[in-house]
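Here's the letter readout for the chains.
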Amino acid sequence: MRPPFLPAAAAPPPPASTPLALLLLLFCKVLAPLIPGPEDECGTRPLMDEKVTETRIVGGHDAQLGAWPWQISLQAFDFSMGYHHICGGSLINNNTVLTAAHCVMERLDPYFWRVVIAVKNLYRHKPPTVVSRIRSIIMHSNFNRSSLENDIALLRLMSYIPYNDYIQPACLPKASLAVTDENPCYISGWGAIILGGLHKHILQEAQVDIFPLDICNQADWYAGFITQNMVCAGTESGIIGGCQGDSGGPLMCYFPNVTKYYVLGVTSFVSSEGCSTPKRPTVYIGTANYRDWIESHLAINKNNAASISYLFIFLTVEWVALHLVV
Ligand SMILES: *[C@@H]1O[C@H](CO)[C@@H](O)[C@H](O)[C@H]1NC(C)=O
Ligand SMILES: *[C@@H]1O[C@H](CO)[C@@H](O)[C@H](O)[C@H]1NC(C)=O
Ligand SMILES: *[C@@H]1O[C@H](CO)[C@@H](O)[C@H](O)[C@H]1NC(C)=O
């Protein structure tokens, strides 16, 4: 598509106040009716039969193509390796990926990255796999590398990704959702999910338990390091959990009452003792408490940031021109 420059004939000579007025107008438009209604279409797995998942999946194993239709692989480019997998992420609308801030903090230039969607084997891209470059990276401005708080980021994609059986957006909770035995929770990623496992080329999935904060913060667990904005999940033995390469990827739980999966966490860190240490489950950034942050940035994305930036250039030029004339 070509940038939406106004045709000359349609543009009456603007009064001097136009640039500011237009900017304000844009600003108001941006703040208006924002949320892309994630309740409408999200969190479903068209190719999976949810009724069969009665029994607990023990251990980690290969996921089927289409098992987690919002899971993406975030890949960075370098000259020696080409594109290679760095982190996971979740598609939250047809233009935006949710991931962890620490995944992108070293390379905030979108130029380095691409997102691969609907892929099972990282070494084999074939339909329905879709690849998109990234237009912009929004890292949480209060991400703290020592306390690991606010480890969350959004990636706005260069293209709009049409949904199909293999590509669906994740649901995000509006508020904290209570998870009970009725709500099986899963993790997925290309990291090593099983003790001693290698970095995987095939997407892995595993069922995990969510540990309440008071358990996860016990003296012989994380001893108070875990905040209200984090979620601990894994198995008590520590055998199953996220590991290197899983960062940014989803922790998701099934809610039979709405027949949807909600992404409750974004894979963030484990204790430096290693991925499979008892009482050191994987820690996720809890999405419930970031709903406002996410929505405020989705809003800006949704109002067609492409045309906003073109307009911005246009107005800036006009602004300069007006001043030159005066
Ligand atoms: C980051 O977290 C550390 C440890 O909790 C704290 O001492 C520091 O002040 C925080 N930094 C910022 C910029 O908030
Ligand atoms: C992306 O989503 C927007 C808003 O929901 C919609 O208008 C647009 O048609 C979608 N594009 C594609 C390619 O699915
Ligand atoms: C579904 O269940 C969850 C908790 O189990 C609850 O928080 C949520 O409100 C329920 N949703 C509906 C639509 O009933």
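The structure displayed is predicted, hence computed values, not measured ones.

(A) Geometry of the pairing of strand 8 (residues 185-189). Among the 5 residues of strand 8, 5 are classified as buried, and the element is accordingly described as predominantly covered. Pairing analysis gives 5 bridges linking strand 8 to strand 9 (residues 204-211), with the strands arranged antiparallel. What sits directly across from Gly-189, in strand 9, is Gln-204. Where strand 8 lies against strand 11 (residues 250-255), 3 bridges are found, and the strand directions are antiparallel.

(B) Spotlight on the nonpolar core. In this structure, Trp-68, Leu-74, Val-115 and Ile-294 are the most contacted members of the largest nonpolar core, which totals 57 residues. Leaving out residues up to four positions away in the same chain, Leu-74 has contacts with His-84, His-85, Ile-86, Cys-87, Thr-99, Cys-103, Val-104, Trp-113, Arg-114, Val-115, Ile-134 and Leu-155.

(C) Representation of the site of ligand 3 in the model. Taken together, the residues surrounding ligand 3 are Leu-177, Ala-178, Phe-255, Asn-257 and Val-258. Within the side chain of Asn-257, one N or O atom sits 2.4 Å away from an oxygen atom of ligand 3. About the coverage of ligand 3: the protein hides 44% of its 360 Å² of free accessible area.

(D) Representation of the pattern of salt bridges in the model. In this structure the tally under the stated criterion is 4 salt bridges. Here Lys-279 and Asp-220 are joined by a salt bridge, their closest N and O atoms 2.9 Å apart. Of the two residues, Lys-279 is situated in the loop between strand 12 (260-269) and strand 13 (282-286) and Asp-220 in the loop between helix 3 (213-216) and strand 10 (230-234); the sequence distance between them amounts to 59 residues. Taking relative accessible area as the criterion, Lys-279 reaches 31% and is therefore assigned partly exposed. Its relative accessible area of 40% is what places Asp-220 among the partly exposed residues. Across the salt bridge formed by Arg-291 and Glu-295, the nearest N and O atoms sit 2.6 Å from each other. Remark: Glu-295 and Arg-291 occur in helix 4 (residues 291-302); sequence separation between them is 4 residues, near one turn of the helix. Judged by relative accessible area, Arg-291 falls into the buried class, the value being 8%. On the accessibility criterion, Glu-295 (17% relative accessible area) is buried.

(E) A look at the packing of aromatic side chains. For the structure shown, the criterion picks out 12 aromatic pairs. Three or more aromatic residues joined by ring pairs form one cluster here, namely Trp-68, Trp-70, Tyr-186, Tyr-254 and Tyr-261. Taking NZ or CZ as reference, Arg-45 lies 4.3 Å from the ring centre of Trp-68, over its face. A cation sits over an aromatic face here: Arg-107 above Trp-113, 5.7 Å from the ring centre.

(F) Region of the structure containing the state of the cysteines. Tallied over the full model, the rule gives 4 disulfides. Residue pairing for Cys-42: its cysteine sulfur links by disulfide to Cys-171, the two sulfurs lying 2.0 Å apart. Disulfide Cys-42-Cys-171: torsion about the S-S bond near 95 degrees, hence right-handed. Of this pair, Cys-42 sits in the loop between helix 1 (18-31) and strand 1 (60-62) while Cys-171 sits in the loop between strand 7 (153-157) and strand 8; the two residues are 129 residues apart in sequence, bridging distant segments of the chain. The pair Cys-42 / Cys-171 is uniform in exposure class, with both members buried. Each disulfide pairs two cysteine sulfurs, and for Cys-87 the partner residue is Cys-103, the sulfurs being separated by 2.0 Å. Here the S-S torsion is close to -90 degrees, and the disulfide linking Cys-87 with Cys-103 is therefore left-handed. Within this pair, whereas Cys-87 is found in strand 3 (residues 82-93), its partner Cys-103 is found in helix 2 (residues 101-104), the two being separated by 16 residues in sequence.

The rules behind the values
- Residues numbered from 1 in each chain as written.
- Chains lettered and ligands numbered in written order.
- Predicted model: local features only at pLDDT ≥ 70, side-chain atom pairs only at ≥ 80, totals over all residues.
- Heavy atoms only, no water.
- Buried < 20%, exposed > 50% of the residue type's maximum accessible area, 1.4 Å probe, protein only.
- Helix = DSSP H or I, 4+ residues; strand = E, 2+ residues; numbered from the N terminus.
- Pairing = 2+ DSSP bridges.
- Core = buried A, V, L, I, M, F, W, Y, C linked by side-chain atoms within 4.5 Å.
- Contact = heavy atoms within 4.5 Å.
- Near = heavy atom within 4 Å.
- Polar contact = N/O pair within 3.5 Å; in protein donor to acceptor, adjacent residues only side chain to side chain.
- Areas by Shrake-Rupley, 256 points an atom, 1.4 Å probe, with all protein chains shown as cover.
- Salt bridge = Lys/Arg side-chain N within 4 Å of Asp/Glu carboxyl O.
- Phe/Tyr/Trp six-rings, centres within 6.5 Å; stacked < 30°, edge-to-face > 60°.
- Lys NZ or Arg CZ within 6 Å of the ring centre and 35° of its normal.
- Disulfide = S-S within 2.5 Å.

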